[in-house]
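Coordinate analysis (summary)
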Amino acid sequence: MKLQRKNRLRAIAAGALAVSGALVLTACGSDDNSESNGGDTKKPVGAIKCEGDGKLLASGSSAQRDAMDLWVKNFGSECKDISVNYKGTGSGAGIQEFLQGKTQFAGSDSALKPEEVTASKKVCKSGQGINLPMVGGPIAIGFNVDGVDKLTLNAETIAKIFDSKITKWNDEAIAKLNPDVKLPDLKIQSFHRSDDSGSTDNFTKYLKAAAPQAWPYEPAKAWAGDGGGSADGSSGVASQVKQVNGAISYYELSYAASNGTKTVDLDTGSGTPVQATVENASKAIAEAKIVGTGNDLALKLAYDTKAAGAYPITLVTYEIACDKGNDAKSLTALKSFLGYTSSEAGQSSLKELGFAPLPAEVATKVRATVASLS
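Summarised in this report is the structure supplied together with it. On a predicted model such as this, the values are computed, not experimentally measured, just so you know.

The next thing to look at is the packing of aromatic side chains. As enumerated under the stated definition, the model contains eleven aromatic pairs in all. Measuring from ring centre to ring centre gives 5.1 Å for phenylalanine 162 and phenylalanine 203, while their planes differ by 70°; the resulting arrangement is edge-to-face. Of this pair, phenylalanine 162 sits in helix H5 (residues 155-162) while phenylalanine 203 sits in helix H7 (residues 198-210), placing them 41 residues apart in sequence. Assigned by exposure class, phenylalanine 162 and phenylalanine 203 land together as buried. Both rings, one in phenylalanine 203 and one in tryptophan 223, keep their centres 6.5 Å apart while their planes meet at 15°; by these two values the pair is stacked. Of this pair, phenylalanine 203 sits in helix H7 while tryptophan 223 sits in the loop between H7 and strand E9 (229-231), and the two are 20 residues apart along the sequence. Its relative accessible area of 0% is what places phenylalanine 203 among the buried residues. In textbook terms, an aromatic cluster arises when at least three aromatic residues are bridged by ring pairs, as seen for Phe162, Phe203, Trp215, Tyr217, Trp223 and Tyr250.

See below:
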C-alpha cells in the first residue's frame, strides 16, 4: 500500500503538469514563491512559523489528503516540536471524530450542518465549530468505455445514469449529446461512494440544482440514488472506473490524473461543453459567496452556473476547528499549522499536485480567523 501511495503521488505531480492544471481546489500561485537577489533564491520570510509543540490529530476528507500529506511534510521539516497526524477517513468520519473530541480539527468537503454546529458546542466549550475554506477544486466524472475517448453529458443525463434510469451507453439521450461518437451497446456500471462523503454531498448538490426533476433526492453525504455499485473513498471509486469497462463515477480530478482515466465534458447550457480543469473550476468557485456568520466562512457554490467556461461540479474542502474553547495545550500548534496551510507559501506549495489557490478575499479572511482562534 505504501508503494502504491508513493506511485500515486508521483503520478499526480506529473499529471498536473501534463494536464496543465487538470485539478482544482483553490491553492495559490507558484510553488517557488521565492525572491531573487543577485541570482540567489530564498524562501519567503516567515513562510512557516513554528510556535507551540506537541501532537495535532486530525482526520476527514480524502479529497484533501494529498494536500495534507504535502503540508505535513513541509511543516514537519521546519517545526520539529510539532507532530501532525492526518487520516483521510472521509468527511463524515472526520466530523464525527472531531465532535467526539478525538481530534483538534477535521477536514470536510462540505460545511457543518446546523445540528453538527450545535453538537460541536459540547467539544468547543465556550465556542463552536467553524468552517475554514482551505482547498478547492473540481469533482470530475470519470468514465471507462472501450473505444470512447471523449464524452459530453448534461446534468439530466448524469442524474438518470446514476439513478439507474439510463442503463446502456448507446442510449438515445447520450447519443444525442455525442453525435460524432460511436457508442457501444454496453451496460453502464455506475459507482458511488459507500462511505459518508463530502464529494457525494457536492456531487448531489450539483444534480439537485442543475437537474431537479431528474434527481428527486436531497443532497447528502450518504448516497441515495437507486442501484449502482459502491466503493470506499475517492481512491476506491476511481479504481473501479479504471478496472471496469463501462464504468462511470465521480471523484476529485487528481484521482483521474493519477489513474489516467478519461473525464466527462459538461453541457451546462452555456453553448460549449466545459472540461473538468483547474481553470474552469476556478471560474465557478469565483462565484461562490460567504454565507457563514461571524468567524464561520462557509461558502455557497454556484452548482447551476451557466457562465461561459465555468465547471460547476466543484468542492471546497474545509478545515473545521473550534473558534473558542480549543485545547489550551495544542492551541498554539494548531494556529501555527493552519496559519501555514492558509498562507501564500502553504497554498502555493500545492502547485506540484495540481491544486489552485484560494481567492484572495477568502484567503485573507481565513488567515485572520485562524489568528483569532482561542
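Take the pairing of strand E3 (residues 54-60) next. When E3 meets strand E4 (residues 82-87), the two strands line up parallel, connected through six bridges. Looking across to E4, one finds that glycine 54 is bridged to isoleucine 82. Remark: the E3/helix H2 (residues 65-78)/E4 crossover connection has right-handed handedness. Two elements, E3 and strand E5 (residues 105-108), share three bridges in a ladder whose sense is parallel. Residue pairing for E5: glycine 60 is matched across the bridge by glycine 107.

Let us look at the state of the cysteines. Tallying each qualifying case throughout the model produces two disulfides. Cysteine 50 shares a disulfide with cysteine 79; S-S distance 2.1 Å. An S-S torsion of about -80° defines the bridge between cysteine 50 and cysteine 79 as left-handed. Residue cysteine 50 is located in the loop between strand E2 (40-42) and E3, and its partner cysteine 79 is located in the loop between H2 and E4; the two are separated by 29 residues in the primary sequence. For cysteine 50, a relative accessible area of 40% puts it in the partly exposed group.

The next point concerns the environment of glycine 54. Relative to the helices and strands, glycine 54 is located in strand E3. Counting along the chain gives 28 residues from glycine 54 to isoleucine 82, while the straight-line C-alpha distance between them is 5.0 Å. Apart from the residues lying within four places of it in its own chain, the contact partners of glycine 54 are Asp81, Ile82 and Ser83.

This part takes up the packing of helix H11 (residues 328-342) against helix H13 (residues 360-372). Taken N-terminus to C-terminus, the directions of H11 and H13 make an angle of 175°; their axes are 9 Å apart at the nearest point. In terms of orientation, H11 and H13 fall into the roughly antiparallel class. Counted together, Lys335, Leu338, Gly339 and Ser342 of H11 and Val366, Arg367, Val370 and Ala371 of H13 form the full contact between these two elements.

Located in the positive-phi region is lysine 125, a residue other than glycine, with phi close to 60°. Backbone geometry places serine 164, a non-glycine residue, at a positive phi of 60°. With respect to the helices and strands, serine 164 occurs in the loop between H5 and helix H6 (172-177). With relative accessibility at 32%, the residue serine 164 sits in the partly exposed group.

Each value, and the rule that gives it
- Residues numbered from 1 in each chain as written.
- Predicted model: local features only at pLDDT ≥ 70, side-chain atom pairs only at ≥ 80, totals over all residues.
- Heavy atoms only, no water.
- Phe/Tyr/Trp six-rings, centres within 6.5 Å; stacked < 30°, edge-to-face > 60°.
- Helix = DSSP H or I, 4+ residues; strand = E, 2+ residues; numbered from the N terminus.
- Buried < 20%, exposed > 50% of the residue type's maximum accessible area, 1.4 Å probe, protein only.
- Pairing = 2+ DSSP bridges.
- Right-handed = clockwise from strand over helix to strand, strands pointing away.
- Disulfide = S-S within 2.5 Å.
- Contact = heavy atoms within 4.5 Å.
- Axes fitted to C-alpha atoms, helices over the stretch in contact; angles between N-to-C directions.
- Parallel < 35°, antiparallel > 145°, perpendicular 65-115°, else oblique.

Scope: geometric values only; no functional claims are made or implied.
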